[in-house]
Amino acid sequence: MDLASLLSPRSIAIAGLSADPTKHGQRVLANLRKVGFAGEVWGVHPRQPEIDGVEVFASIGDLPSAPDVVVSAVPASAVGGLALEAGRKGAGTLIVFAGGFAESGTEGSSRQAELLQAKAETGLRILGPNSGGVITPSAGVAMSFLTCLDRPAAQIRSGLVGLVTQSGGMGSYVHNLAAGRGDGLAASISTGNEADLGVADGVSALAEMAEVKAIAVILETVRNGPAFAHAVEAAHAVGKPVVVTRIGRSERGRRLMATHTGALAKPERVLRAVLDELGVTVAETPEEMFDVASVLARTPKPSGPRVGVITHSGGLAILLSDLADGSSIVLPEPSPVLRARLEPLLQQGAVDNPLDMGGIIGGPHRFAEVVSAFADSGEVDSVLAVSSAHPPAHSEQRVKALLAADVAVPVIQLWMAGDVGAGALDMLRAAQAPVTEEPRAAIRALSALATPRLTPTERPPLPADVRPSAPLTEFEAKAIVEGWGFPVVAGRHATTQAEAVDAAEAIGYPVVVKLSSPDVTHKTEIGGVATNLVNSDAVREAFVEVQTDVPAGARVDGVLVERHINGPEVIIGGVRDETFGPMILLGIGGVVAEALDDVRVASAPISAEWARSLIDKLAGIDSLTHPRHGEPADLDRLAQLVSDLSDRLVSNLWLDSFDLNPVTWSHDSWVAVDAAFVLMRDQD
């Protein structure tokens, strides 16, 4: 949907407008006047109160024409009728401030259903309920009651960052934060309950807004995964990076799953994986989010990940090295040529990267000379210039020299000089230089600039009207895996002791005996697995023991007898996430997969190259290649297996989830030792 008329409407109707300055309707009117809205403003109230300078109509239907936006300042109980009336009039969007909808129980859900019915009947778009409104300073738009607007008009400025927030209060804080720095937001959209318009719509709208150079998002949940991914991709395609801060990351309920993958593919982990794939930068707090977005909005994308860091504090050099570890940036060591150029510029300190100029740094021009030396060396793609405490008399000349420097690569300023350097910091901000006071934000911004923004493949939606059925037995699941052409450990199904012994003799000792039941997935936890059995007597005994502690009501159809193999182990799983669709999971496997929690998640299908990058990020990767296991496991073959299985998950719509745990490296191949599948079936 084109939301240009919401961000910059020509006409606004305020429903519920009264003369009471404490009411939302009057606050919206006052805010529109404060920021200089030049379009039509009408009031709507059945009693038609006298409002200076505004014509008030008894109903939406009485308006002289269809407004671009209707602002609802009426009680929740009246919003449904207002929505239907606004839609029939031909209004574009209804902004609903009121709460008491789907978040508040049965009655509220009915009210929200009325809103959606009005949308379906008329085509009206709805922002909210529980929306904090829309603010676009350059268009003179302040359709909001938020307290961030309770400041002089001159402080309600436009900026380079656009904001989409699911929390109106936190959005108000970001406005205040920007204003306090002499900055502003190009636009902000508060989505609230997202009965209709959501985060994806907001990101798409800001991506099309010329003033916006970076997009910040305060995100609690994604309600439409494919739409969100498409919106972020569209923003990145036009060079507008997206920065997110997450709220509500604690575990929330989701449907229970019988597989390890279901337990490991937590909603937060899935969302984080998708954000990583999309190249979204994740910040810890709204302040850090705004800092990162502000820096990205003002910094050209460098040609590569190499960063030169200049400080005059050894402690800061160490801190920044620590923060850079594990990020996308590279801190190359200076070459002999660069060292020779830098050494005459240092009075104390050492030529390294990060470079510590030492406590005595010469005149105020010296810092800029060192920055220029690094920037023009051809050895870095960007520079982080870190100004910590220094003589206050040097600050202004230092900033002038930094701003005047004509350098070959982007330079980001990390200003950590404290209040004695506040005036110089203001100079940097007034010059629109990329600057932050927070080291972590600086490193996140540099990492974001260095990270290529990959375009994920399409995420196929979940099939309609389906839900998980009972899991398959391990024997049935392995038959599917083998049918796909993937190696499975040699084994047989047995229903008697004699059959079990015959199977063991045919396979060859040592063997493993496992309980076979569609209702018991985690067999080890109930003593349902006996390993390293070397003769027929051990097999007979295990046949009885693995079936001894079966939970009441669980179906049992005998045992599996399989070859006992050892080697490095991983878990490979797949699940159809309720928001983002098919997801593939890879982790260090075996019986302690959930305890280790060393896993990576990605959208399916996944390329072998991306799968290999996930393998390389596992904390326990050394366990897969350690010599104590014999021949090191082939990680490229593992990556190809993960990719192939992700294709199977996507193409087989009857499959809800699976895990192969463990998949063991044995001699020259990865072999599925255990398997659990959950299928889909139609709703009753």
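Before reading on, note that the structure itself is shown above.
Conventions used here
- Residues numbered from 1 in each chain as written.
- Predicted model: local features only at pLDDT ≥ 70, side-chain atom pairs only at ≥ 80, totals over all residues.
- Heavy atoms only, no water.
- Helix = DSSP H or I, 4+ residues; strand = E, 2+ residues; numbered from the N terminus.
- Buried < 20%, exposed > 50% of the residue type's maximum accessible area, 1.4 Å probe, protein only.
- Lys, Arg positive; Asp, Glu negative; His and termini not counted.
- Charge placed at Lys NZ, Arg CZ, Asp CG, Glu CD.
- Salt bridge = Lys/Arg side-chain N within 4 Å of Asp/Glu carboxyl O.
- Core = buried A, V, L, I, M, F, W, Y, C linked by side-chain atoms within 4.5 Å.
- Contact = heavy atoms within 4.5 Å.
- Pairing = 2+ DSSP bridges.
- Axes fitted to C-alpha atoms, helices over the stretch in contact; angles between N-to-C directions.
- Phe/Tyr/Trp six-rings, centres within 6.5 Å; stacked < 30°, edge-to-face > 60°.
- Lys NZ or Arg CZ within 6 Å of the ring centre and 35° of its normal.
- Parallel < 35°, antiparallel > 145°, perpendicular 65-115°, else oblique.
- Left-handed = near helix turned anticlockwise from the far one by under 90°.
- Nonpolar A, V, L, I, M, F, W, Y, C, P; charged D, E, K, R; others polar.
- Expected span 1.5 Å × (residues − 1).
- Polar contact = N/O pair within 3.5 Å; in protein donor to acceptor, adjacent residues only side chain to side chain.
- Right-handed = clockwise from strand over helix to strand, strands pointing away.

Attention shifts here to the overall build of the protein. Secondary structure summary: the protein contains 23 helices and 29 strands in total. Principal-axis analysis of the C-alpha atoms gives the protein an extent of 95 × 75 × 35 Å. Counting the 684 residues in the protein, one finds 56% classified as buried. When the 54 basic and 82 acidic side-chain charges of the protein are each reduced to a single mean position, those positions are 5 Å apart.

The next thing to look at is the pattern of salt bridges. This model, assessed by the stated rule, comprises 28 salt bridges. Ionic pairing is found between R444 and E284, a salt bridge with its closest N-O pair at 3.7 Å. In this pair, R444 sits in helix α16 (residues 439–450) while E284 sits in the loop between β13 (281–283) and α10 (286–297), placing the two residues 160 residues apart along the sequence. Members of the salt-bridge network, linked through shared partners, are E474, K478, K514, K523, E562 and D674.

Counting residues in each nonpolar core, the largest one holds 71 residues, and the members touching the most others are L6, I95, M143, L206, I215, V217 and F228. Setting aside its immediate chain neighbours within four residues, I95 contacts L6, V69, V70, V71, S72, L127, S131, G133, V134 and M143.

Further remarks concern the sheet that holds strand β17 (residues 411–416). The strand order across the open sheet built from five strands is β15-β14-β16-β17-β18, with neighbouring strands paired in parallel fashion. Of all strands in the sheet, those bounded by a partner on one side alone are β15 (355–356) and β18 (435–436). Here β17 pairs with β18 via two bridges, running parallel. Looking across to β18, one finds that Q413 is bridged to V435. The strands touched by helix α11 (residues 314–324) are β14 (307–311), β15, β16 (382–388) and β17; relative to β16, the strand with the most contacts, the crossing angle is about 140°. Relative to the sheet, α16 contacts β14, β16, β17 and β18, its axis offset from that of β17 by approximately 170°.

Ring pairs (aromatic) are described by centroid distance and by the angle formed between their planes. On inspection of all chains with the given rule, the structure shows five aromatic pairs. For the pair F97 and F145, a centre-to-centre distance of 4.8 Å together with 75° between the ring planes defines the contact as edge-to-face. Here the residue F97 occupies a position in the loop between β5 (93–96) and α4 (106–122), and F145 occupies one in the loop between β8 (141–143) and β9 (161–165), the gap between them amounting to 48 residues. On the accessibility criterion, F97 (6% relative accessible area) is buried. Measuring from centroid to centroid gives 5.8 Å for W484 and F677, while their planes differ by 50°, and the two rings are tilted. Here W484, found in the loop between α17 (474–483) and β20 (491–494), pairs with F677, found in strand β29 (residues 675–682); they are 193 residues apart in sequence, far enough to count as distant. What makes F677 buried here is its relative accessible area of 0%. If you follow R398 out to its NZ or CZ, it ends over the ring of F367, 4.2 Å from the centre.

On to the packing of helix α21 (residues 608–617) against helix α23 (residues 635–651). Two elements in contact, α21 and α23, have axes whose closest approach is 8 Å; the angle formed by their N-to-C orientations is 120°. When the interaxial angle is binned, α21 and α23 end up oblique. By crossing handedness, the relation of α21 to α23 is classed as right-handed. Contact residues: A608, A611, R612 and I615 in α21; L635, D636, L638, A639, Q640, V642 and S643 in α23. Residue composition of the contact of α21 with α23, by class: seven nonpolar, two polar and two charged.

Most of helix α13 (residues 366–375) sits inside the fold, with nine of its 10 residues counted as buried. R366, F367, A368, V370, V371, S372, A373, F374 and A375 are the residues of α13 that are buried. The elements touched by buried residues of α13 are β14, α12 (336–342), β15, β16, α14 (392–404) and β17.

Moving on, we get to the sheet that holds strand β23 (residues 559–563). With respect to topology, four strands assemble into an open sheet ordered β20-β23-β21-β22, the strand pairing being antiparallel. Strand pairing shows two members of the sheet lacking a second neighbour, β20 and β22 (529–533), which therefore form its edges. Taken over all neighbouring pairs, the strand axes of this sheet differ in orientation by 20° on average, direction set aside. Sheet analysis places strand β21 (residues 511–515) next to β23, joined by five bridges and oriented antiparallel. Considered in β23, the bridge of V513 is made with V561. Along the sheet face, α17 touches β20, β21 and β23 and points at about 45° away from the line of β23.

All right, on to unusual backbone geometry then. In this structure, P354 follows N353 across a cis peptide bond, with omega equal to 5°. With respect to the element layout, P354 can be found in the loop between α12 and β15. The omega torsion of the bond from N661 to P662 falls at 5°, within 30 degrees of zero and hence cis. Residue position: P662 is located in strand β27 (residues 655–666). Even without being a glycine, N130 presents a positive backbone phi close to 60°. Counting through the fold element by element, N130 comes out in the loop between β6 (125–127) and β7 (133–136). Residue classification places N130 among the partly exposed positions, given a relative accessible area of 32%. One non-glycine residue, N532, lies in positive phi territory at about 55°. Of note, N532 is situated in strand β22.

So, on to helix α5 (residues 168–180). Relative to the 18 Å expected for 13 residues at 1.5 Å per residue, α5 spans 18 Å between its end C-alpha atoms, a close match to the ideal helical length. The complete set of buried residues in α5 reads G168, G171, S172, V174, H175, L177, A178 and A179. Remark: G182 follows α5 within two positions and exhibits a positive phi of approximately 75°.

Right, let's get into the side chain of S11. The topology assignment puts S11 in strand β1 (residues 11–15). Engagement of the side chain of S11 in a polar contact is seen with the backbone nitrogen of D68, the distance being 3.1 Å. The residues touching S11, leaving out its near neighbours within four places in the chain, are F37, E40, W42, A66, P67, D68 and V69.

Another point: the pairing of strand β10 (residues 185–190). Of all six residues in β10, six are buried; the element is thus mostly enclosed. Direction of pairing for β7 relative to β10: antiparallel, over a ladder of three bridges. By the bridge assignment for β10, G133 is matched with S190. As paired elements, β9 and β10 share five bridges and run parallel to each other. Note on β10: the bridge partner recorded for V164 is I189. Note on the crossover from β9 through α5 to β10: the handedness is right-handed.

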